[in-house]
Amino acid sequence: MQCEMCGTEGKLFKTEVEGTVMVLCRDCSKFGRVVAEIRPTERVKKIPLNAQDEAQAEKPIAKLQKNARKEIMQGLCSGYQDKIRNRRTELGLKQNELAIKIAEKESIVQKVESGQFRPPIRLARKFERALRIRIVEEMVDEHEKDYKAKKETLTIGDMMDIKKP
Ligand SMILES: [Zn+2]
């Protein structure tokens, strides 16, 4: 809302000037008789609007971070133990030699290869590095898609090339 006389924004007063009621700023109201102070209702309305805009601007970021954590799941691919054994044999490594490479006990290698022990991701990564294979799968929850998830799907898709038939 603006002063009807000079266009100034700010505190306005309903002012009677020569029999006409006008909405005027403090300065212009001196030309007449102030009837009432006008509360800047328009501004009051704008505040929640802006607050909403800000909330909407911030929301997707928070949502994305939450989703990103939730959507990426890591797991061992099926037949990971065979992949490890086959690759180890291919490289001409014995179980104890592979164990040294990954700084684990030979029994760990034995158990992992026989499927008795399902290695945690961190250990599986060691096998991956030592043997240059891919046994950890990263999956994206398909139910909650957003652009960030799509972006990550691409990256994961690239990484999973090896696993494709
Ligand atoms: Zn004015």
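Residues numbered from 1 in each chain as written. Predicted model: local features only at pLDDT ≥ 70, side-chain atom pairs only at ≥ 80, totals over all residues. Heavy atoms only, no water.

Peer 1: So what's going on with unusual backbone geometry? Which residues, and what values?
Peer 2: Non-glycine residue Glu18 carries a positive phi angle of around 50°. Within the fold, Glu18 resides in the loop between strand 1 (12-17) and strand 2 (20-25). You can call Glu18 exposed: its relative accessible area is 79%. Its identity as a non-glycine residue notwithstanding, Ala103 has a phi of 60°, on the positive side. By the secondary structure assignment, Ala103 is in the loop between helix 3 (95-102) and helix 4 (106-113). (Helix = DSSP H or I, 4+ residues; strand = E, 2+ residues; numbered from the N terminus. Buried < 20%, exposed > 50% of the residue type's maximum accessible area, 1.4 Å probe, protein only.)

Peer 1: Go over the sheet that holds strand 2, please, and point to the residues and values.
Peer 2: As summarised here, the arrangement of the three strands in space is 2-1-3, forming an open sheet in which the pairing is antiparallel. With partners counted over all chains shown, the strands left at the sheet margins are strand 2 and strand 3 (33-38), one partner each. Taking the axes of each pair of neighbouring strands and ignoring which way they run, one obtains an average angle of 30° across the sheet. Relative to strand 2, strand 1 is paired through six bridges, and the arrangement is antiparallel. Of the residues in strand 2, the one forming a bridge with Glu16 is Val21. (Pairing = 2+ DSSP bridges. Axes fitted to C-alpha atoms, helices over the stretch in contact; angles between N-to-C directions.)

Peer 1: Tell me what's going on with the pairing of strand 5 (residues 136-140), and back it up with residues and numbers.
Peer 2: Every regular strand shows the same layout, with side chains that alternate between the two sheet faces. Counting buried positions over the five residues of strand 5 gives four, a clear majority of the element. Bridging between strand 4 (residues 72-76) and strand 5 involves five bridges; their strand directions are antiparallel. Residue pairing across strands places Leu76 opposite Val136, the latter belonging to strand 5.

Peer 1: Please provide a residue-by-residue account of the coordination of the zinc ion, values included.
Peer 2: On the protein side, the zinc ion has Cys3 (SG), Cys6 (SG), Cys25 (SG) and Cys28 (SG) as donor atoms, found 2.1 to 2.4 Å from it. Look at where the donors of the zinc ion fall in the sequence and you get C-x2-C-x18-C-x2-C. Separated by 22 residues along the polypeptide, Cys6 in the segment before strand 1 and Cys28 in the loop between strand 2 and strand 3 bring together distant segments of the chain. The exposure class assigned to Cys28 is buried, which follows from its relative accessible area of 8%. (Donors = N, O, S within 2.8 Å, 3.2 Å for Na, K, Ca; no water.)

Peer 1: How would you summarise the pattern of salt bridges if you had to cite specific residues and measurements?
Peer 2: Considering all chains together, one arrives at ten salt bridges under this definition. Where Glu113 meets Arg88, a salt bridge forms, and the shortest distance between an N and an O atom there is 2.5 Å. Remark: Arg88 occurs in helix 2 (residues 80-90) and Glu113 occurs in helix 4; sequence separation between them is 25 residues. For Glu113, a relative accessible area of 1% corresponds to the buried category. (Salt bridge = Lys/Arg side-chain N within 4 Å of Asp/Glu carboxyl O.)

Peer 1: Report on the side chain of Glu113, specifying residues and quantitative values.
Peer 2: For Glu113, the side chain forms a polar contact with the side chain of Gln95, separated by 2.9 Å. Each residue touching Glu113, except ones within four places of it in the same chain, is listed here: Gln81, Ile84, Arg85, Arg88, Gln95 and Leu98. (Polar contact = N/O pair within 3.5 Å; in protein donor to acceptor, adjacent residues only side chain to side chain. Contact = heavy atoms within 4.5 Å.)

Peer 1: So what about the packing of helix 3 against helix 5 (residues 121-131)? Which residues, and what values?
Peer 2: Two elements in contact, helix 3 and helix 5, have axes separated by 9 Å at closest approach and are oriented at 110°. Taken together, helix 3 and helix 5 sit at an angle that is classed as roughly perpendicular. From helix 3, Leu98, Lys101 and Ile102 reach across to helix 5, where they touch Leu123, Lys126, Phe127, Ala130 and Leu131. By residue class, the composition of the contact of helix 3 with helix 5 is six nonpolar, no polar and two charged. (Parallel < 35°, antiparallel > 145°, perpendicular 65-115°, else oblique. Nonpolar A, V, L, I, M, F, W, Y, C, P; charged D, E, K, R; others polar.)

Keep in mind that these numbers describe shape and distance, not what the molecule does.
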